[in-house]
Amino acid sequence: MDYLDIHSHILPNVDDGAKDIETSLALLEALKTQGVTAVIATPHFYPDYDNAEEFVEKIDLAYKELKNAAAGQDLPRIFLGCELRYFNGMGKSKSIDQFAIKGTDHLLLELPYGAPITKLVLDDIIALSENLGFKVILAHIERYYKVKGFKKLLKLISDGYAIAHINADGMTSKEEAKICEKLIKGGYISFVASDTHSVKNRPPKIKEALDAITDRLGKSTATRLMLKSNRFLEELETAYEKL
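Notes on the structure follow. (Residues numbered from 1 in each chain as written. Predicted model: local features only at pLDDT ≥ 70, side-chain atom pairs only at ≥ 80, totals over all residues. Heavy atoms only, no water.)

## Let's talk about the overall build of the chain
Part 1 of the argument: Summing up its helical and strand segments, the chain has 7 helices and 9 strands in all.
Part 2 of the argument: The C-alpha atoms of the chain give 17 Å as radius of gyration, which agrees with the globular expectation for 243 residues (18 Å, within 12%).
Part 3 of the argument: Summarising its shape, the C-alpha atoms of the chain cover approximately 45 × 45 × 35 Å along the three principal directions.
Part 4 of the argument: Put simply, the chain has 243 residues, and 53% of those count as buried.
Part 5 of the argument: Considering only contacts in the chain between residues 6 or more positions apart, those separated by 24 or more positions represent 78%.
Part 6 of the argument: Summed over its atoms, the accessible surface of the chain is roughly 11,400 Å², and 49% of this surface lies on carbon and sulfur atoms.
Part 7 of the argument: Treating the 32 positive side-chain charges of the chain as one cloud and the 36 negative ones as another, the clouds have centres 8 Å apart. (Helix = DSSP H or I, 4+ residues; strand = E, 2+ residues; numbered from the N terminus. Rg over C-alpha atoms; globule rule 2.2 N^0.38 Å. Buried < 20%, exposed > 50% of the residue type's maximum accessible area, 1.4 Å probe, protein only. Contact = heavy atoms within 4.5 Å. Areas by Shrake-Rupley, 256 points an atom, 1.4 Å probe, with all protein chains shown as cover. Lys, Arg positive; Asp, Glu negative; His and termini not counted. Charge placed at Lys NZ, Arg CZ, Asp CG, Glu CD.)

This is the structure we're talking about:
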């Protein structure tokens with residue numbers, strides 16, 4: 001079964017992920033050994049200090065460079081997206097579409113660390129879905145379980161305004177494994193993603209995570225998550241054929 005990693009920092013020299021093309025290729029090789037057959041490059045965009053036009057140009061060039069370098073090497077297929085940091089009022093922004101996963105209406109959204117999940121945040125996510133038509137993917141929500149308003153965020157997922165992923169290393173972490181299990185059992189998780197940044201310090205752990213899910217929650221649960229990844233990959237491939 002094909003497996004799509006929806007969150008990674010594999011583009012060379014654009015954020016705190018891969019620093020050069022050699023690191024990018026090493027990460028692709030590492031993802032391959034984890035059973036990943038396709039990956040979305042999702043570099044960070046921080047609205048407070050990044051320039052949108054410069055960012056889009058930079059990641060387009062880095063994406064083309066990596067695609068060319070990886071050509072013919074039997075590595076995971078590469079798609080382009082972005083990890084967009086939340087900002088107040090984004091639910092009314094007319095320029096958000098440039099940060100969506102290319103060719104789709106999916107938007108990978110990162111919430112600020114440690115900040116309360118306020119009504120304003122929740123309303124913006126709802127507006128992204130209802131008013132702007134995005135399918136919001138909340139990045140690594142296991143990180144926010146201690147944050148005020150977390151239960152309301154889960155309610156928003158239950159109500160269909162967003163979906164969410166956990167990081168693979170959350171399933172192998174003593175601190176986060178239990179909350180990841182609870183989130184999966186509760187039906188809040190659609191994807192397991194690597195969020196890989198480097199081979200040594202933040203390597204991809206997709207296989208370890210899926211093995212842990214199989215051991216603790218059953219093979220059917222792991223298979224369900226793998227099938228969701230596979231279906232999203234099929235959607236991406238169809239979208240890219242139209243670009």
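## Looking at the pairing of strand S1 (residues 4-8)
Part 1 of the argument: Burial analysis of S1 places 5 of its 5 residues in the buried class, the great majority of the element.
Part 2 of the argument: Bridging between S1 and strand S2 (residues 38-41) involves 3 bridges; their strand directions are parallel. Looking at the pairing, Ser-8 lines up with Ala-41 of S2.
Part 3 of the argument: For the segment spanning S1, helix H1 (residues 21-33) and S2, crossover handedness is right-handed. (Pairing = 2+ DSSP bridges. Right-handed = clockwise from strand over helix to strand, strands pointing away.)

## Considerations on the sheet that holds S1
Part 1 of the argument: Ordered in space as S1-S2-S4, the 3 strands form an open sheet in which the pairing is parallel. Looking along the sheet, the strands with just one partner apiece sit at the ends: S1 and strand S4 (77-80). Taking each pair of neighbouring strands and ignoring which way they run, the sheet shows an average axis angle of 25°. (Axes fitted to C-alpha atoms, helices over the stretch in contact; angles between N-to-C directions.)

## A short note on the packing of helix H5 (residues 177-185) against helix H6 (residues 206-217)
Part 1 of the argument: Axis separation between H5 and H6 bottoms out at 12 Å; the angle between their running directions is 70°. Overall, the two elements H5 and H6 adopt an arrangement that is roughly perpendicular. Residues Ala-177, Glu-181, Ile-184 and Lys-185 of H5 lie in contact with H6, whose contacting residues are Ile-213, Arg-216 and Leu-217.
Part 2 of the argument: Residues belonging to the contact of H5 with H6 are distributed by class as follows: 4 nonpolar, no polar and 3 charged. (Parallel < 35°, antiparallel > 145°, perpendicular 65-115°, else oblique. Nonpolar A, V, L, I, M, F, W, Y, C, P; charged D, E, K, R; others polar.)

## Comments concerning H1
Part 1 of the argument: Taking 1.5 Å of rise per residue, the 13 residues of H1 would be expected to cover 18 Å, and the 19 Å separating its terminal C-alpha atoms lies within 8% of that figure.
Part 2 of the argument: Looking at H1, one finds that the buried residues are Ile-21, Ser-24, Leu-27, Leu-28, Ala-30 and Leu-31.
Part 3 of the argument: Packing partners of the buried residues in H1 comprise S1, S2, helix H2 (52-70) and S4.
Part 4 of the argument: One or two positions beyond H1, positive phi appears at Gly-35, with a value near 90°. (Expected span 1.5 Å × (residues − 1).)

## Some words on the environment of Ala-38
Part 1 of the argument: Mapped onto the elements, Ala-38 comes out in strand S2.
Part 2 of the argument: Each C-alpha atom of the pair Ala-38 and Tyr-3 lies 6.4 Å from the other, and the pair is 35 residues apart in sequence.
Part 3 of the argument: For Ala-38, the contacting residues outside a window of four places in its chain are Tyr-3, Leu-4, Asp-5, Pro-76, Arg-77, Phe-79 and Leu-233.

None of the figures reported here should be taken as evidence of function without further support.
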